[in-house]
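# Structure assessment
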Amino acid sequence: MFISTYKVTLKNLIRSTTFWLVLAVLLINTIHESLEGFYADDDSPEMILSFAEYIPCIVNSCCSHFLMYAMPVFTIITTVLVVNRDYGDHFYEIEKASGLKPSRYLLGRICALITINFIALFVMNLTDIHLYVFTRGGLTDMGIWNYLADSFIRVFRADLFVAMPCLIFYIGITYFIGTLFKNGIVAAIAGFGYTMFFYVSFLMYRFRIAAEYFDFFSPVPWKLRRYFHFYDTKWFEDSLMGMDTSLPEALFCIFFLVSVATVFSIFSYLRIRRRSV
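Rules of the game
Residues numbered from 1 in each chain as written. Predicted model: local features only at pLDDT ≥ 70, side-chain atom pairs only at ≥ 80, totals over all residues. Heavy atoms only, no water. Helix = DSSP H or I, 4+ residues; strand = E, 2+ residues; numbered from the N terminus. Expected span 1.5 Å × (residues − 1). Buried < 20%, exposed > 50% of the residue type's maximum accessible area, 1.4 Å probe, protein only. Polar contact = N/O pair within 3.5 Å; in protein donor to acceptor, adjacent residues only side chain to side chain. Salt bridge = Lys/Arg side-chain N within 4 Å of Asp/Glu carboxyl O. Contact = heavy atoms within 4.5 Å. Axes fitted to C-alpha atoms, helices over the stretch in contact; angles between N-to-C directions. Parallel < 35°, antiparallel > 145°, perpendicular 65-115°, else oblique. Nonpolar A, V, L, I, M, F, W, Y, C, P; charged D, E, K, R; others polar. Left-handed = near helix turned anticlockwise from the far one by under 90°. Phe/Tyr/Trp six-rings, centres within 6.5 Å; stacked < 30°, edge-to-face > 60°. Core = buried A, V, L, I, M, F, W, Y, C linked by side-chain atoms within 4.5 Å.

Its 17 residues give helix α4 (residues 70–86) an end-to-end C-alpha distance of 25 Å, which sits within 8% of 24 Å, the value for a rise of 1.5 Å per residue. With 14 of 17 residues buried, α4 lies mostly within the body of the structure.

Below, the structure written as C-alpha cells:
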C-alpha cells in the first residue's frame, strides 16, 4: 500500500501541468543565477577560475541560488498539488476502504515529495554549477573528468545534508496546514508567507534579529551551511575555526529541521486518521 501511494503521488505530480510550469520557471531562474555568477566581475573574459574559487560555489549555489526562495517555493507548490489531490480525487477514501493505514498513506505522500524535490534540486544545482564553470572557461587546475566527478559528489553532499533538511521542513509544515484546513491554497499562503519572512529578514534584518535564529533555527542554518563550505578540502579544519562552526552544531541544525517536520507530519497523521470514508 505504501508503494501504491508513493507511485500514484509521483504519477500525479508528473502529469500536472502546473508542476512542469513551475519546473520551467525554476530552470529559467537557475540559468539566470548561474550566468550572474558568484564573484564580482567573474563574467569578464579575463576571469580565471581555480579550484580554490570553485569550492565555495558549491554551497553558495545550494543555499544562495536555491534555498533562499527558489526551491522553497517549488517545494511548497508541489506539496500543495499533492494536498489538493488528497481532497479532490477521493484516492484516500478508496485506499482506506481497501484497508490502507493512514500512516502508510502519509508516508507514501511525504516520501514521494522528498524524492521529486531532491531530484529537481540536484539536477538544477548541477546545471547551475556546470553552466557557471563552463561559461568561465572551466577550472584552470583540474581536468574536465576530474571536475565532473568532484562536482557530482560535492553537489550531492550539499543537497543531501544542507538542502534536504530545509526542504523536508517546508514539506512537513505545508502538508500539515493543508490537512488542517483541507485546502491547498491556505497552505500555499502560509508557506509563501514564511518563505518571504525568512528572505526579507535575512536581507534586511539579520543584524537586528537574534543571531541564534539564523545560526540554528532558520530554514538555512548558518552553522550547517558553514560546516560544509570547505568540506573535504585542505582548508576544512581552518574554516571550522574561522567560520565558528562544528560537527555537533551542524548535526543539531539538521536534527532541528527534521524534528519540526516530523512533529508536523505527526499532526498531519492525526488529521488524516479522523477523515471518514
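Attention shifts here to the side chain of H130. Mapping H130 onto the fold places it in helix α6 (residues 102–135). At 2.8 Å, the side chain of H130 forms a polar contact with the side chain of Y147.

What follows is about the pattern of salt bridges. Summed over the entire model, instances satisfying the criterion amount to three salt bridges. The salt bridge involving R154 is made with D150; its shortest N-O contact spans 2.8 Å. With a gap of four residues between them, R154 and D150 both fall in helix α7 (residues 144–181), about one helical turn apart. Its relative accessible area of 17% is what places D150 among the buried residues. Between E249 and K223 there is a salt bridge, with its nearest N and O atoms 3.8 Å apart. Taken together, the residues span a long stretch of sequence, with E249 in helix α12 (residues 247–273) and K223 in helix α10 (residues 222–227) at a distance of 26 residues.

Taking 1.5 Å of rise per residue, 21 residues should cover 30 Å, and helix α8 (residues 184–204) covers 30 Å from first to last C-alpha, within 8% of that figure. All of the buried residues in α8 are G184, A187, A188, G191, T195, F198, S201 and F202. Against the buried residues of α8 lie α4, α7, α9 (211–217) and α10. Its side-chain oxygen at 2.7 Å from the backbone nitrogen of I185, N183 defines the N-terminal cap of α8.

Moving on to the packing of helix α2 (residues 17–36) against α4. Two quantities define a packed helix pair, namely the angle between the axes and the distance from one axis to the other. Packing of α2 against α4 brings their axes to within 10 Å, and their N-to-C directions diverge by 175°. As judged from the angle between their axes, α2 and α4 are roughly antiparallel. Contact residues: α2 offers T18, F19, V22, L23, L26 and N29, while α4 offers A70, M71, F74, I77, T78 and L81. Its residues assigned to classes, the contact of α2 with α4 shows nine nonpolar, three polar and no charged.

This part covers the packing of α4 against α7. Direction vectors running N to C along α4 and α7 enclose 35°, while the axes themselves pass 9 Å from each other. Viewed along their axes, α4 and α7 form a crossing whose handedness is right-handed. Taking contact as the criterion, the partners of M71, P72, T75, I76, T79, V80, V82, V83 and D86 in α4 are, on α7, L167, Y170, I171, T174, Y175 and G178. Of the residues contributing to the contact of α4 with α7, the split by class is ten nonpolar, four polar and one charged.

Before going further, it helps to examine the environment of I185. Within the secondary structure layout, I185 lies in helix α8. Taking the C-alpha atoms as reference points, I185 and T75, 110 residues apart in sequence, are found 14 Å from one another.

Position of D42 relative to the elements: it lies in the loop between α2 and α3 (51–67). Overall, the relative accessible area of 1% leaves D42 in the buried class. In this structure, the C-alpha to C-alpha distance between D42 and R136, residues 94 residues apart in sequence, is 7.6 Å. Ignoring any residue separated from it by four or fewer positions in sequence, one finds D42 in contact with E36, G37, M47, Y132 and R136.

Despite not being glycine, K182 shows a phi value in the positive range, around 55°. Structurally, K182 can be placed in the loop between α7 and α8.

Here we take up the packing of aromatic side chains. Counted according to the given criterion, the structure contains 37 aromatic pairs. Each ring, one from F169 and one from Y170, has its centre 5.5 Å from the other, and the planes form 80°; the classification is edge-to-face. Here F169 matches Y170 in class, with each residue buried. Between the aromatic rings of F217 and F252, the centroid separation amounts to 5.9 Å while the plane-to-plane angle is 80°, which identifies the pairing as edge-to-face.

Bringing the nonpolar core into the picture now. Counting 78 residues, the largest nonpolar core has Y54, L67 and Y175 as its most contacted members. Of all the elements, α6 adds the most residues to this core, at 15 residues. In contact with Y175, other than residues within four places in its own chain, are T79, V82, V83, D86, Y105, L106, R109, I110, L113, S268 and I272.

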